[in-house]
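# Commentary on secondary and tertiary structure
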Amino acid sequence: TSYVNIEKLWEFVVKKRKLTNVDEDGLRWDENWEPWTFVDGDDVSKRGSESPISYNFYDSNISEYGVRWEYDKQKNEYKRFNGGKPHLDYNTNTQLTARNVLVIEVVESSANDDYPGGHVVYKLTGSGKLHAFQNGHSIQGTWEKDELDAKMKFLDENGDEISIVRGAVWVSMIP
């Protein structure tokens, strides 16, 4: 599970690690980078009302890991629940929300690192099933990522890349 604050991440990367978009040979790593395409959210009259979204991270019925998202049509955002309770931001004590909920199915395997309880590794190259939710609608499709440092693409059932609604993006990986 990860959460990233982009401003703090860049501050750490640039100031403390001295990393930039140029490698040790002066070559730009971002020269051919493909960003996601962002769009404004739908007008309220075009928004759907598909809600709730729910899934588990494991096949077992362990309720602490169950996730549910409830769509707020007026705000055009999904509110996250975890283990049957609102999932609150640790720092602000406000419920986590996202404009885009992207659930990707990935291959999971054991890390074999002798950690008590075990760690898992997720294969994030190749492709797999995608369940995307935005503007109160669901989109079934696929995700694909050619290399670890390439952009992950989210494709609808016709193979067209899905544009991301401006705002928070939540990507969940399930086995």
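Above this text you will find the structure in question.
Below is a short write-up of the structure.

Conventions used here
Residues numbered from 1 in each chain as written. Predicted model: local features only at pLDDT ≥ 70, side-chain atom pairs only at ≥ 80, totals over all residues. Heavy atoms only, no water. Helix = DSSP H or I, 4+ residues; strand = E, 2+ residues; numbered from the N terminus. Buried < 20%, exposed > 50% of the residue type's maximum accessible area, 1.4 Å probe, protein only. Contact = heavy atoms within 4.5 Å. Areas by Shrake-Rupley, 256 points an atom, 1.4 Å probe, with all protein chains shown as cover. Lys, Arg positive; Asp, Glu negative; His and termini not counted. Charge placed at Lys NZ, Arg CZ, Asp CG, Glu CD. Phe/Tyr/Trp six-rings, centres within 6.5 Å; stacked < 30°, edge-to-face > 60°. Lys NZ or Arg CZ within 6 Å of the ring centre and 35° of its normal. Polar contact = N/O pair within 3.5 Å; in protein donor to acceptor, adjacent residues only side chain to side chain. Patch = residues over 30% accessible without salt bridge, like charges linked within 9 Å, V, L, I, M, F, W, Y side chains within 5 Å. Salt bridge = Lys/Arg side-chain N within 4 Å of Asp/Glu carboxyl O.

## Some remarks on the overall build of the protein
Assigned secondary structure in the protein consists of 1 helix and 14 strands. With the C-alpha coordinates of the protein rotated into their principal frame, the extents come out at 50 × 45 × 40 Å. Buried residues in the protein amount to 25% of all 175 residues. Here the contacts in the protein between residues at least 6 apart in sequence split such that 48% fall between residues at least 24 apart. Working note: accessible area of the protein is about 12200 Å², and carbon and sulfur atoms make up 49% of it. Placing the 21 positive and 30 negative side-chain charges of the protein at their respective mean positions leaves the two points 7 Å apart.

## Some remarks on the packing of aromatic side chains
Counted under the stated rule, the structure contains 4 aromatic pairs. When the ring of W36 is compared with that of F154, the centres are 5.5 Å apart and the planes differ by 55°; the resulting orientation is tilted. Of the two residues, W36 sits in the loop between α1 (6-16) and β1 (38-39) while F154 sits in strand β12 (residues 153-156), which places them 118 residues apart along the sequence. In this structure F154 comes out as buried when scored by relative accessible area, which is 3%. The interplanar angle of 40° and the centroid separation of 4.8 Å between the aromatic rings of Y71 and Y78 together place this pair among those described as tilted. Both residues of the pair, Y71 and Y78, count as buried. A connected cluster of aromatic rings, assembled from ring pairs, spans W36, F38 and F154. Sitting over the ring of F81, R68 keeps its end group 4.2 Å from the ring centre.

## Side note on the side chain of N135
You can see N135 is positioned in the loop between β10 (126-134) and β11 (137-145). A distance of 3.0 Å separates a polar side-chain atom of N135 from the backbone nitrogen of D42. Polar side-chain contacts of N135 include one of 2.9 Å to the side chain of N76. N135 has contacts with G41, D42, R47, G48, Y71, N76, Y78 and V165, leaving out every residue within four places of it along the chain.

## Regarding a nonpolar patch on the surface
Residues V4, I6, L9, W10, V14, W29 and W33 make up a contiguous nonpolar surface patch of about 720 Å² in total accessible area. Among the secondary structure elements, V14 is positioned in helix α1. V14 gets classed as partly exposed once you look at its relative accessible area, which sits at 39%.

## Topic: the pattern of salt bridges
Going through the model one piece at a time under the given rule, you end up with 5 salt bridges. Two residues, R166 and D40, come together in a salt bridge whose shortest N-O distance is 2.8 Å. Of this pair, R166 sits in the loop between β13 (164-165) and β14 (169-174) while D40 sits in the loop between β1 and β2 (53-55), placing them 126 residues apart in sequence. Judged by its relative accessible area of 43%, R166 falls in the partly exposed class. With a relative accessible area of 56%, D40 lands in the exposed category. Between D72 and K79 there is a salt bridge, and its shortest N-O distance comes to 3.7 Å.

## Things to note about the side chain of N76
With respect to the helices and strands, the residue N76 is situated in the loop between β3 (67-72) and β4 (77-82). You can call N76 buried: its relative accessible area is 2%. Among the polar contacts made by the side chain of N76, one reaches the side chain of Y71 at a distance of 2.6 Å. If we ignore the near neighbours within four places in the chain, the residues touching N76 are G41, D42, R47, Y71, R99, N135, G136 and V165.

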